[in-house]
Amino acid sequence: MENNERRKRFKLDLPYPEVEPVCDPKTVMLIKEDYAGCQSELTAINVYIYQRILMNDVLDELAGVLLGIAIVEMEHLELLGMAIKNLGGDPEYEVGCRMWTADYVIYTKNPKEMLLANIEGEKTAIRNYRRHIRMIDNRQVQKLLERIILDEELHIDIFSSLLNRLNDDMLR
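The text that follows walks through the structure, step by step, so that each part is easy to find. (Residues numbered from 1 in each chain as written. Predicted model: local features only at pLDDT ≥ 70, side-chain atom pairs only at ≥ 80, totals over all residues. Heavy atoms only, no water.)

### Looking at the nonpolar core
Point 1. Within the largest apolar cluster, 49 residues are counted, with the highest numbers of intra-cluster contacts made by Ile 31, Tyr 48, Leu 145 and Phe 159.
Point 2. Of all the elements in the fold, those that place two or more residues in this core are α2 (25-36), α3 (41-55), α4 (60-86), α5 (111-135) and α6 (139-165).
Point 3. Here this core gets eleven residues from one element, more than from any other, and that element is α4. (Core = buried A, V, L, I, M, F, W, Y, C linked by side-chain atoms within 4.5 Å. Buried < 20%, exposed > 50% of the residue type's maximum accessible area, 1.4 Å probe, protein only. Helix = DSSP H or I, 4+ residues; strand = E, 2+ residues; numbered from the N terminus.)

Pasting the structure below:
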């Protein structure tokens with residue numbers, strides 16, 4: 001499956017709002033949590049790629065879904081990084097004085113536990129995005145976060161569907 005086709009399956013067909021350059025250190029601090037914090041796009045990418053490697057040739061459908069969603073999360077990471085840069089920040093993989101660490105990755109090897117953790121991770125990301133939307137005054141950033149939430153909600157639906165099917169055809 002082509003990357004463009006894969007992305008279309010795992011994200012909504014809606015544009016992402018742009019964030020125009022302006023100095024806004026408060027907003028940078030908040031969206032850096034979404035960018036490279038414990039429950040961030042960077043963490044999600046690394047979790048899903050780790051899981052994809054484990055599931056490759058074991059549960060091919062799950063492996064394909066994990067890769068497709070990881071690619072969309074990479075797009076989110078880039079969008080947040082560009083927003084950070086446009087708001088006068090440095091898109092380093094750190095929040096405050098703490099660098100991103102692989103300790104944030106959940107290393108479960110059980111497919112059911114993976115899906116449950118992924119659903120919870122997406123829900124936590126949505127809660128964090130919504131909290132940040134309430135704390136941010138920049139309407140462009142608010143719209144960007146609202147748009148990203150739509151993809152995260154789709155990911156919950158996809159992971160939930162796979163979880164429901166895990167004991168059916170997927171394991172044969």
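### Things to note about α6
Point 1. The end-to-end C-alpha distance of α6, which contains 27 residues, comes to 40 Å, matching closely the 39 Å that a straight helix rising 1.5 Å per residue would cover.
Point 2. In this structure Asn 138 caps α6, since a side-chain oxygen of it lies 2.9 Å from the backbone nitrogen of Gln 140. (Expected span 1.5 Å × (residues − 1). Polar contact = N/O pair within 3.5 Å; in protein donor to acceptor, adjacent residues only side chain to side chain.)

### Digging into the pattern of salt bridges
Point 1. Enumeration over the complete set of coordinates arrives at eight salt bridges.
Point 2. Across the pair Glu 94 and Lys 32 runs a salt bridge, and its minimum N-O distance is 2.6 Å. Separated by 62 residues along the polypeptide, Glu 94 in strand β1 (residues 94-95) and Lys 32 in helix α2 bring together distant segments of the chain. Of the two residues, Glu 94 and Lys 32, both sit in the buried class.
Point 3. The closest approach of N and O atoms between Glu 146 and Arg 139, which form a salt bridge, is 3.4 Å.
Point 4. Residue classification places Glu 146 among the partly exposed residues on the basis of a relative accessible area of 32%.
Point 5. Given a relative accessible area of 43%, Arg 139 falls into the partly exposed group. (Salt bridge = Lys/Arg side-chain N within 4 Å of Asp/Glu carboxyl O.)

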